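Breakdown of the fold
Residue-level listing of the chains:
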Amino acid sequence: MKILYDHQILIMQKYGGISRYFYELITNLKQMQAADICVSACFSKNYYFESYFGKKSIREKIPFFYFFNKILNENRCLHNLSTEKFDIIHPTYYEPYILKRKNGKLVLTVHDMIHELYSEYFNDNTMQKKKKMINTADAIIAISENTKKDLLTLYPQISEEKIQVIYHGNSFPVQKEVQKKDNYILFTGMRKIYKNFDNFICSVAPLLNKYNLNLICTGPSFDISENNLFKKMNIKDKVFHKSASDAELSNLYSHALLFVFPSMYEGFGIPILEAFASKCPLVCSNTSSLPEVGGDAAIYFDPLDVNDMSEKIESVITSKELQDKLIEKGTEQLKKFSWKQTAVQTFDLYKKL
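Our subject in this report is the structure included herewith. (Residues numbered from 1 in each chain as written. Predicted model: local features only at pLDDT ≥ 70, side-chain atom pairs only at ≥ 80, totals over all residues. Heavy atoms only, no water.)

Describing the sheet that holds strand S7 (residues 184–187)
- Strand order in the open sheet made by the six strands is S9-S8-S7-S10-S11-S12, with parallel pairing throughout. For this open sheet the edge positions go to strand S9 (239–241) and strand S12 (299–301), each flanked by a neighbour on one side alone. Taking the axes of each pair of neighbouring strands and ignoring which way they run, one obtains an average angle of 25° across the sheet. (Pairing = 2+ DSSP bridges. Helix = DSSP H or I, 4+ residues; strand = E, 2+ residues; numbered from the N terminus. Axes fitted to C-alpha atoms, helices over the stretch in contact; angles between N-to-C directions.)

A look at the packing of helix H8 (residues 197–210) against helix H9 (residues 224–232)
- Close contact between H8 and H9 brings their axes to 10 Å; oriented N to C, the two are set at 15°. Between H8 and H9, the angle is such that the two are roughly parallel. When the axes of H8 and H9 are compared, the crossing they make is right-handed. Between H8 and H9, the residues in contact are Phe 197, Asp 198 and Ile 201 and Glu 226, Leu 229 and Phe 230, respectively.
- Of the residues in the contact of H8 with H9, the class split is four nonpolar, no polar and two charged. (Parallel < 35°, antiparallel > 145°, perpendicular 65-115°, else oblique. Left-handed = near helix turned anticlockwise from the far one by under 90°. Contact = heavy atoms within 4.5 Å. Nonpolar A, V, L, I, M, F, W, Y, C, P; charged D, E, K, R; others polar.)

As for the pairing of strand S8 (residues 214–217)
- Pairing of S7 with S8 involves four bridges; the strand directions are parallel. The residue of S8 that forms the bridge with Tyr 184 is Asn 214.
- Crossover S8 to S9 through H9 is right-handed. (Right-handed = clockwise from strand over helix to strand, strands pointing away.)

Some words on the sheet that holds strand S3 (residues 88–90)
- With parallel pairing, six strands are arranged side by side in an open sheet as S2-S1-S3-S4-S5-S6. Strand pairing shows two members of the sheet lacking a second neighbour, strand S2 (36–39) and strand S6 (163–165), which therefore form its edges. For this sheet, the mean angle separating the axes of adjacent strands, direction not counted, is 25°.
- The sheet contact formed by strand S1 (residues 2–5) and S2 spans four bridges and is parallel. Each bridged residue has a counterpart across the sheet, and for Leu 4 the counterpart in S2 is Cys 38.

Some thoughts on the packing of H8 against helix H13 (residues 306–317)
- One can describe the packing of H8 onto H13 by two numbers: an axis separation of 8 Å at closest approach and a directional angle of 40°. Here H8 is positioned oblique relative to H13, judged by the angle of their axes. Helix-helix and strand crossings are classified by hand; for H8 and H13 the assignment is right-handed. On H13, the residues touching Asn 199, Phe 200, Cys 202, Ser 203, Leu 207 and Lys 210 of H8 are Val 306, Met 309, Ser 310, Ile 313, Glu 314 and Ile 317.
- Looking at the contact of H8 with H13, its residues break down into seven nonpolar, three polar and two charged.

Laid out in structure tokens, this is it:
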């Protein structure tokens with residue numbers, strides 16, 4: 001079997017859940033030695049794919065480089081498809097240029113329905129491109145049952161038989177022992193729109209002062225509005241930003257008193273598995289796919305209710321017994337997810353086509 005993966009997410013993301021997914025999927029399929037895999041991309045800037053393409057260079061800073069790189073990669077991919085026969089084409093995002101292909105079955109992974117559910121926050125045409133791909137795909141992978149449910153609700157014309165749920169896995173090393181916890185709460189990743197960061201700050205600020213705790217955030221640097229919010233909530237000296245590699249992030253999880261995931265919507269929620277692997281107690285939104293992934297290993301709150309969020313976070317801060325219980329349950333819940341299982345189920349889907 002010959003499989004082609006294209007360039008899209010590899011030139012869009014330096015870090016991120018989607019590029020991590022494709023890296024882990026491709027790596028595990030290669031380890032299975034079950035297929036001939038082609039990753040059709042050049043000038044990737046992705047951290048995970050450095051072993052394929054080498055580290056990013058100064059060319060990223062060239063004006064309009066992304067635009068020209070996108071065109072170059074699309075033409076390169078279509079050339080590959082015109083000169084070679086592929087059994088499966090699995091694009092890494094929703095750009096419909098791939099529909100010009102002459103051969104191969106099209107498999108599309110739908111990661112979430114954020115553009116459809118929060119369309120007022122997006123000014124791009126991703127939703128229109130995604131719709132074309134969904135309607136044309138020979139098979140669709142949904143990364144959670146909740147994503148499948150939302151997909152069928154928003155695209156009722158799609159046959160349910162065409163959709164298969166295949167979960168993500170965990171990329172972090174599983175800690176053998178619980179590490180000594182420091183006096184900070186951890187927040188990871190992006191903070192805008194549905195990530196619900198402002199509500200989270202309003203809920204956690206009184207607790208940082210009451211219990212003399214810090215908040216560590218990874219992801220982009222703080223902007224002016226966020227710094228103003230910290231000042232308003234009197235926690236400017238308690239909030240810290242860190243740029244973290246995977247190894248550094250794993251260490252931050254391991255030593256955090258707890259990890260809070262206040263997002264209003266997620267297609268899956270990889271940080272949940274990262275927390276479980278790092279033996280970090282999880283306090284989490286009760287929405288979308290998050291209870292599906294977290295199971296009984298989290299304390300859940302309403303992400304739109306600041307008081308409920310604050311109460312649930314405080315319940316974990318003040319109870320060593322509850323922290324230990326969440327860590328134990330998280331270790332068990334993590335066993336349900338692995339990238340090897342993701343690759344095996346995906347390859348089985350390929351074979352059916």
